[in-house]
Amino acid sequence: MPRSAPPAVPAIAVASAVAATPHSGLPPRTLAEGALCALGAGLAWGLVFIVPLLLGDYPPAVLSFGRYTAFGTIAVVLGLRDTTRLRLLDRADWLRALELALSGNILYYLCLSAAIQLADAPLPTVIIGTLPIIIAIISNLRDRRLPWARLVPPLAAIATGVLLVNRHEIARLGFDRPLSDYLTGVALAWGAVACWTWYPLRNSQWLARRPHLGSGLWATAQGLATLPLALLGMAGACAWYALAGGGSGGFVAPLGPRPWTFVGLMFTLGLLASWLGTTLWNRASRLLPAGLAGQLMVCETLAALTYAYCWRGQAPDAGSLGGVALLMAGLLLGLRAFRRGR
């Protein structure tokens with residue numbers, strides 16, 4: 001087990017950076033609240049990298065649809081207690097929630113869970129770690145929020161950190177799997193990156209146009225929009241594996257060889273990684289520019305790496321710790337850049 005927990009450190013570092021930066025640009029309280037919400041979302045989302053390893057005998061499609069069936073079920077329960085506000089959502093809101101549910105939920109996690117099972121957790125983790133860079137670049141191209149000279153240093157630190165962690169993580173893999181599995185896993189991980197580059201930018205645009213949408217209410221709406229897609233996908237996956245007479249790892253539809261473990265972990269992801277993570281991210285998206293919120297997804301990478309090390313019962317080596325330090329440095333530089341403003 002790691003001697004230190006990297007994701008715990010950014011919480012202290014974020015607060016220190018907010019306090020130390022000059023008093024211009026984003027207000028200190030707004031920056032601090034938004035950063036902490038993004039940090040909380042990252043800690044919750046990091047769980048999605050470890051569950052496919054805990055349920056390695058379950059096909060990726062079942063993990064993806066099972067998680068979002070649980071998310072949708074939780075949203076139904078929450079929605080029954082908030083019907084008054086849900087009635088305020090119009091047809092455009094529900095269509096956008098469905099669109100976001102398909103890309104940011106179903107397709108994203110289907111690609112990610114398959115990538116993790118094919119290539120193990122570290123490689124997809126570091127590919128997903130490029131999201132802060134990609135989102136920040138696309139956001140700044142769109143909004144022109146910061147001069148590029150101010151945005152380059154944090155992105156360079158994050159990119160170097162990702163490369164450093166990636167080098168040491170690949171060395172740990174040992175390539176004990178077929179090369180085709182690694183190549184397919186890498187392709188699927190980049191597919192997940194594409195889904196989650198599009199999702200936060202689209203989501204933040206919609207929240208800006210709909211100030212009446214509360215963070216928790218919009219998370220519940222996305223869960224409700226996800227449920228029919230997840231149920232259809234789960235039914236299709238179960239039918240496929242039932243007709244195939246089992247499936248990978250001896251999986252037998254509908255709940256597999258360890259039904260209680262499967263259901264427990266799916267509802268854990270549905271509540272924490274899906275509903276809570278989405279709620280916190282919605283709040284961060286309201287408070288922070290999309291480019292800064294994207295950079296704060298570094299917290300998800302740090303959390304995922306920590307959970308993977310805990311699962312393996314190993315401590316990170318010096319190279320991995322150096323990569324983590326650079327990721328944190330990029331996070332802090334990004335906070336300072338947006339605190340200073342133009």
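Above this text you will find the structure in question.
All figures in this text were calculated on a predicted structure; none of them were measured in a lab.

Peer 1: A description of the overall build of the chain should follow, citing residues and the corresponding values.
Peer 2: When helices and strands are counted, the chain shows 15 helices and zero strands. Burial statistics for the chain: of 342 residues in total, 54% are counted as buried. Surface exposure of the chain reaches about 13800 Å², of which carbon and sulfur atoms provide 69%.

Peer 1: Lay out the pattern of salt bridges in plain terms, naming residues and giving numbers.
Peer 2: Side-chain pairs of opposite charge can arise where the charged atoms are in close proximity. In this structure the tally under the stated criterion is eight salt bridges. In this structure, E99 engages R96 in a salt bridge whose closest nitrogen and oxygen atoms are separated by 2.9 Å. Taken as a pair, E99 and R96 lie in helix α6 (residues 91-119) at a separation of three residues, close to a single helical turn. When the shortest N-O distance is used, the salt bridge between E99 and R202 registers 2.8 Å. Of the two residues, E99 is situated in helix α6 and R202 in helix α10 (residues 179-209); the sequence distance between them amounts to 103 residues. By relative accessible area, which is 26% here, E99 ends up partly exposed. For R202, a relative accessible area of 29% gives the class partly exposed. Here the salt bridges share partners, and the residues they tie into one network are D90, D93 and R210.

Peer 1: Please set out empty space enclosed by the protein residue by residue, giving values where relevant.
Peer 2: Enumeration according to the criterion identifies two cavities of 30 Å³ or more in this entry. What lines the largest cavity is a set of 15 residues, and nearest its centre among them are W45, R67, G104, Y108 and W196. Looking at the lining of the largest cavity, the elements with two or more residues in it are α4 (60-80), α6, α10 and α12 (259-287).

Peer 1: Describe the packing of aromatic side chains, and please don't skip the residues or the numbers.
Peer 2: All chains considered together, the criterion is met by eight aromatic pairs. On the numbers, 4.9 Å between centres and 65 degrees between planes, the contact of W45 with W196 is edge-to-face. With W45 in helix α2 (residues 28-45) and W196 in helix α10, this pair connects stretches of sequence that are 151 residues apart. W196 sits in the buried class, given a relative accessible area of 6%. The lysine or arginine in question, R67, covers the ring of Y109, its NZ or CZ lying 4.6 Å from the ring centre. Directly above the aromatic system of W206 lies the positively charged group of R96, at a separation of 4.4 Å from the ring centroid.

Peer 1: Go over a nonpolar patch on the surface with me, naming the residues and quoting the values.
Peer 2: Taken together, the side chains of I137, L141, W148 and V152 present a nonpolar region at the surface, about 330 Å² in accessible area. Contributing elements (two or more residues each) for the nonpolar patch: α8 (131-143) and α9 (148-173). Positionally, W148 belongs in helix α9. For W148, a relative accessible area of 31% corresponds to the partly exposed category.

Cut-off values and rules
Residues numbered from 1 in each chain as written. Predicted model: local features only at pLDDT ≥ 70, side-chain atom pairs only at ≥ 80, totals over all residues. Heavy atoms only, no water. Helix = DSSP H or I, 4+ residues; strand = E, 2+ residues; numbered from the N terminus. Buried < 20%, exposed > 50% of the residue type's maximum accessible area, 1.4 Å probe, protein only. Areas by Shrake-Rupley, 256 points an atom, 1.4 Å probe, with all protein chains shown as cover. Salt bridge = Lys/Arg side-chain N within 4 Å of Asp/Glu carboxyl O. 1 Å grid on protein atoms, 1.4 Å probe; cavity = no way out; pocket = protein on both sides within 12 Å on 5 of 7 lines; lining within 4 Å. Points joined across faces, edges and corners; volume = space filled by probe spheres on them. Phe/Tyr/Trp six-rings, centres within 6.5 Å; stacked < 30°, edge-to-face > 60°. Lys NZ or Arg CZ within 6 Å of the ring centre and 35° of its normal. Patch = residues over 30% accessible without salt bridge, like charges linked within 9 Å, V, L, I, M, F, W, Y side chains within 5 Å.

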